[in-house]
Structure formats: structure tokens, C-alpha cells
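# Architecture at a glance
Each chain, letter by letter, is given below.
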Amino acid sequence: MLRTNLTHILSEKEHSELINSNENVMVCCGRMGPMCIPVYAEMEELEKEYTNVKFADMEFDQPDSKVIRDLPECRNFYGIPFVIYYKNGKVAKATSSIQSKEQITNNLDTYLK
Amino acid sequence: MQNHFDIIIIGAGAAGLTAGIYLSRAKVSTLIMNEGTVGGQMVLTHQIANYPGIESISGYELASNMKMQAQMFGCSIRANVKITSFDLEGETKKVIVNNKDEYFAHAVIIATGGRPRSAGAIGEDEFKGKGVSYCATCDGDFFQDKEIVVLGGGNSALEEAVSLTKYASKVTIVHQFDNFQAFEHYVSDAKNNPKIKFIMESKIIEFLGDEKLRKIKIQNQKDFSIFEMNIDGVFIFIGYVPNSEIFQNIIELNENKEIIVDKNMNTNLPGVFAAGDNIAKRYRQVTTAVADGTIAALSAAEFVNNIKKNVQFENTI
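This one's a predicted model, so the numbers in the text were calculated from it and none came from an experiment. (Residues numbered from 1 in each chain as written. Chains lettered and ligands numbered in written order. Predicted model: local features only at pLDDT ≥ 70, side-chain atom pairs only at ≥ 80, totals over all residues.)

## Here's the deal with the interface of chain A and chain B
At the interface, 18 residues of chain A touch 21 residues of chain B. Residue contributions to the side of chain A that touches chain B peak at five residues, all from helix α2 (residues 37–49) of chain A. Class assignment of the residues belonging to the side of chain A that touches chain B gives a composition of nine nonpolar, six polar and three charged. (Contact = placed C-beta atoms within 7 Å. Helix = DSSP H or I, 4+ residues; strand = E, 2+ residues; numbered from the N terminus. Nonpolar A, V, L, I, M, F, W, Y, C, P; charged D, E, K, R; others polar.)

Here it is in C-alpha cells:
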């Protein structure tokens, strides 16, 4: 399990339930590594501000994370974390590698209004 | 949260957290504020194996321990804030974050650290995570049996180039000079690896592709000729730049934009100290940042104590 204060998605079923029972969901799929930790930290801060968005993480190396790794939107991704913004259960935006707070808030404001 | 402190520390990497630990333990009221994640460049390091007394620890864990230790002694920490303005020249220092929250202190320690230097080539941002990477341990496994470039000629570049040969079929090191800045054993490891090739005295000037990186343009730095190379990935390890831009018109910097300090970490402004990777020095390690942070904390504490003593003295006469 990732050592963050975010909601942890531990299975494909939990992932499906989360994105289908919340209008706006941001999932960061990564490891406890240098490119991922800053994104989790930014999400933990933004969770207080964006109360309309459910923030969650998922371990990149667990088999069920194929629900994210195998998304067509991630086909050309070569850097962790894979971050997916879901709107009504559908992928609205996906990013690869470390993202700044400005990049994340821009995506939240644009795709998860 | 209160908004008056004895000392404000800007930056929560190894230097800033160490200063926070020392000051809070000495009952000096201290606020650490940080624009990014607590831990600075420590969290960009997978494994630290040369921190004295600790056999091996992840950068994230070491940073978390330092943060907990500082908070345990009563240090306040505000992370992920944007420093929007400040006044460091008066007797009372003022720092404003997020355009609204004002904080005041007798002294400030600037410990804003550094950040990985980008190549500055066209298309670099566009292909970040789509072929351009800054972390071999994070992204190396995406390049199984692929051809990649490592940009740089220092210790990180040479060491990571060798480690990336576990995955890649071919690793080409592109370096702007005709010799390497890395330690000799890193250079010989790379030269002895059959998967590694070298393009010296050259720079990447453009990243090209569609949905992912496909090729790069390389420019020779002697005759300025340009050629294209088909490539699956580029890992960039070309050093660090100090996070000092916001202070450049107030604090004295050298030609590399590093903050100039004396042996007690004093900057040119009274009551303003600096520590860590943003100061002018030769070696940048967690241990040197910790040492800088310690000196800055002790110097700043002495500065604040003298102010308080003078106020007491004035009140008695």
C-alpha cells in the first residue's frame, strides 16, 4: 500500500466503484518514488480545496493497476506516475510523469469542473 | 496559525528541516514554509547509502523523519504554498504567501535548494513522460530493449547510463564537453560497457515526435553541424540550478545565481541567512546541506537573541 493520506485503490473492483460513484475523480498511479511523491503531496493539499473531487492513489506494480496502465490514453506513457482525471466514470484527461501544482490545478479546473 | 515568529525558514529540504530541528529544539519559534513537497531534492533520491549512521534509507523516509523531528520540537510547517512577495531589508522581515497570508520574523533563513537542470531544448516539456525522463529508477523499465540517450557527463549521468543498460538495448551518452566531470570509476564503468556509445562535444537542441518521442536533433559544439537520431527515450542528468531567482535583486548572488554567504551563512542582508544547495559552494550532498542548515540555525538564533537582549536593555534604561 502506498504511504500517503489519500484514498487507496486496492483492486480493479474498488477502482470501478470509485469512478462510478463519484462525478469527479483524480487517481495517481505510481510508486513511492521521486517522480510520484510530489504528486501525492500536492493531491493531499488540494483535497481540502477541491471538495467536489475524490482523490485517490493506486500502486503501479500491483496487477489490478492494469485498469490504468492499459488505458488507451496511457499507450504512449513512458514515465510514472500515470495520473487519470475521471468525469462521470470516463477518462477526461491523463498525464504521465511528475506534474507541478499549477499543472494539476489547471487540469482539475479544466476537466473536473 | 500564528503569524509572528522568531525565524522563518524558506524551504523544507535537508538544510531547512535541519535548521527547523535545531531552532525549535532551542525554543526559538520557527516557521518553515515551502513551495513544493517537504523534503526537497532528498525525495528525488531513491536510496541514500552514505548518510552517516544510517546504512541505507530512501530519500523520502529520511525527509519524513526530519519533518517529524522538527514538528516534534514544535516547528510549524506550511508546505505547498506560493511565496508571492517579501520584504527582507527592514528589521522586521515579512513574507507573504498565496497573495494573502502575511508572516513576520526577526530573521529569515533561505534554504530553497535547487532543481534538476532541464536541457532547454525545443519540445522537452511536450515529451516529458512520453520519452523524456529525469529518473532512471522510476522509468527505466519502460525502455526494455529500446534505444535511449543519456544527456550529461557528471556522476549521475554516467552511473545512470550504466544502470539503464539493464533495460535498454543501446545507451548513447551525449555530453557537451570533450571530457567527463564524473569520477573516474563511473567513467571507466561506462566505457567498459559494450551497450554504451558516446557522442562528445554535442547538445540536444530539439525533441521530435508525435504522441511520443521519436527522434532528437543533436548539434556538435565545435563545428555546429546538426544531425537527427531516431530514439525511444532520453534521460536528462545535467546537474542542478539553484532556486534563487526570486531573491536576485535583493540578495547578492554569484554568476551561477548561487547565494553568496560567509562562513556563518550570513548573506549581504543583516538577519538574512542562506543554507543548502542554493548557496555558492563546491559540493552538494544531503550531509553538506545538513551542515549548512545547522550553521545557519545557530547563527540566526544568535542574531535573534542579540535583538531580544538589546530590546530588554533598552527597556531597562
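## Details of the domain arrangement of chain B
What the domain assignment reports for chain B is domain 1 (4–116 + 240–316) and domain 2 (132–236). One C-alpha centre belongs to domain 1 of chain B, the other to domain 2 of chain B; they are set 35 Å apart. (Domains from an automatic or database assignment.)

## Some words on unusual backbone geometry
Residue A:Pro81 is reached from A:Ile80 by a cis peptide bond, and omega for that bond is 0°. Considering the arrangement of structural elements, one finds A:Pro81 in the loop between α3 (66–69) and β4 (82–87). One non-glycine residue with positive phi stands out, namely B:Lys27, at about 65°. By the element assignment, B:Lys27 lies in the loop between α1 (14–25) and β2 (30–33). On the basis of neighbour counts, which here come to 11 C-beta atoms within 10 Å, the residue B:Lys27 falls in the exposed class. Phi at B:Phe224 takes a positive value of approximately 60°, unusual for a residue other than glycine. Tracing the sequence through the fold places B:Phe224 in the loop between β13 (213–220) and β14 (226–230). With 7 C-beta atoms counted inside 10 Å, the residue B:Phe224 sits in the exposed group. (Buried ≥ 20, exposed ≤ 12 C-beta atoms within 10 Å, placed from the backbone.)

## Some words on the nonpolar core
Soluble, globular proteins show a tendency: their nonpolar side chains are buried together. Residues and elements named next belong to chain B. In terms of nonpolar packing, the biggest core is built from 125 residues, with Ile7, Ile8, Ile109, Val150, Val234 and Ala275 touching the most fellow members. Among the elements that take part in this core, helix α6 (residues 286–316) stands out by supplying ten residues, more than any other. The residues that make up this core include at least three from each of domain 1 (4–116 + 240–316) and domain 2 (132–236). Leaving out residues up to four positions away in the same chain, Val150 has contacts with Ala157, Glu160, Ala161, Leu164, Val171, Ile173, Phe235 and Phe237. (Core = buried A, V, L, I, M, F, W, Y, C linked by C-beta atoms within 7 Å.)

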